[in-house]
Amino acid sequence: MTRTIEYGNLMHRAMRGLIQSVLQDVADNGLPGNHHFFITFDTNHPDVAIADWLSDRYPGDMTVVIQHWFDNLEVTDEGFSITLNFGDSPEPMYIPYDAIVTFVDPSVEFGLRFEHQDDEDEELDILSAVTDDDDEVAEADMAEMVEPEESPKKDAEVVSLDAFRKS
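Here's what I pulled together on the structure shown here.

What counts, and where the lines are drawn
- Residues numbered from 1 in each chain as written.
- Predicted model: local features only at pLDDT ≥ 70, side-chain atom pairs only at ≥ 80, totals over all residues.
- Heavy atoms only, no water.
- Helix = DSSP H or I, 4+ residues; strand = E, 2+ residues; numbered from the N terminus.
- Buried < 20%, exposed > 50% of the residue type's maximum accessible area, 1.4 Å probe, protein only.
- Contact = heavy atoms within 4.5 Å.
- Areas by Shrake-Rupley, 256 points an atom, 1.4 Å probe, with all protein chains shown as cover.
- Phe/Tyr/Trp six-rings, centres within 6.5 Å; stacked < 30°, edge-to-face > 60°.
- Lys NZ or Arg CZ within 6 Å of the ring centre and 35° of its normal.
- Expected span 1.5 Å × (residues − 1).
- Pairing = 2+ DSSP bridges.
- Axes fitted to C-alpha atoms, helices over the stretch in contact; angles between N-to-C directions.
- Patch = residues over 30% accessible without salt bridge, like charges linked within 9 Å, V, L, I, M, F, W, Y side chains within 5 Å.
- Salt bridge = Lys/Arg side-chain N within 4 Å of Asp/Glu carboxyl O.

**Here's the deal with the overall build of the protein chain**
Point 1. Across its full length, the protein chain holds three helices and nine strands.
Point 2. Start at the N end of the protein chain and walk to the C end: the helices and strands fall as α-β-α-β-β-β-β-β-β-β-α-β.
Point 3. Evaluated residue by residue, the protein chain yields a buried proportion of 37% over its 167 residues.
Point 4. The long-range share in the protein chain, meaning contacts at least 24 apart out of those at least 6 apart in sequence, stands at 55%.
Point 5. As displayed, the protein chain has an accessible area near 10000 Å², and 48% of this comes from carbon and sulfur atoms.

Structure below.
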């Protein structure tokens, strides 16, 4: 069997480490400036811990916003726990990094999307700011990453690792 370098898995590990570093900084120092995060995660992941009513309401993916009010942010090597407010009802939750589908900071037009392909290999799309207003496909992709009522319209460029893979 031929050994290969699994760049997709290495990139996922690095990007999840980036999320961990960002969240640890927020836990230590608070959110700087206008930064805020939209984090979409798989509610069916076996290690996700959320209230039953939340998992019933969001049976697949759920997007949480870390912005104005959050409490008890604790960051570990495997994931993070946080208490968020849902209609004046504080709810603690635990989200492992492996359950994260998207991580977006719209204040600086930064986002990560983790996808699982049919063949179990993973692909990483990195979204970054561009100035081309005609990039409608990228804008639509950015809008899909956050819930529509919370999504500011941003231009973004999607860079896929598929372009660098050998067939």
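**Regarding unusual backbone geometry**
Point 1. Notably, N72 is not glycine yet its phi reads approximately 55 degrees, a positive angle.
Point 2. Within the secondary structure, N72 sits in strand β3 (residues 70-75).
Point 3. For E109, which is not a glycine, the phi torsion comes out positive at approximately 55 degrees.
Point 4. Assignment of secondary structure puts E109 in the loop between β6 (100-105) and β7 (110-116).
Point 5. Look at E109 and you get partly exposed, because its relative accessible area is 23%.

**Description of the packing of aromatic side chains**
Point 1. Across all of its chains, the model carries three aromatic pairs by this definition.
Point 2. A cation over a ring is seen here: R16 above F114, with NZ or CZ 4.4 Å from the ring centre.

**Quick notes on helix α1 (residues 7-29)**
An α-helical turn contains 3.6 residues, so a residue and the one three or four places further along point in the same direction.
Point 1. When the terminal C-alpha atoms of α1 are compared, their 33 Å separation across 23 residues agrees well with the 33 Å that a helix rising 1.5 Å per residue should span.
Point 2. Looking at α1, one finds that the buried residues are G8, H12, M15, R16, I19, L23 and V26.
Point 3. Once α1 finishes, G30 follows within two positions and takes phi at roughly 85 degrees, a positive value.

**Some remarks on the sheet that holds β3**
Point 1. On the basis of which strands lie adjacent, the open sheet formed by three strands has the order β3-β4-β5 and antiparallel pairing. Either end of the sheet is taken by a strand with one partner, and the two such strands are β3 and β5 (90-96). Geometrically, the sheet is characterised by an average inter-axis angle of 15 degrees between neighbouring strands, direction not taken into account.
Point 2. Pairing between strand β4 (residues 79-85) and β5: seven bridges, direction antiparallel. From the neighbouring strand, I82 faces β5, where its bridge partner is M93.

**Thoughts on a nonpolar patch on the surface**
Point 1. Where nonpolar side chains cluster on the molecular surface, the patch consists of I5, Y7 and L10 and spans about 320 Å² of accessible area.
Point 2. Note that L10 resides in helix α1.

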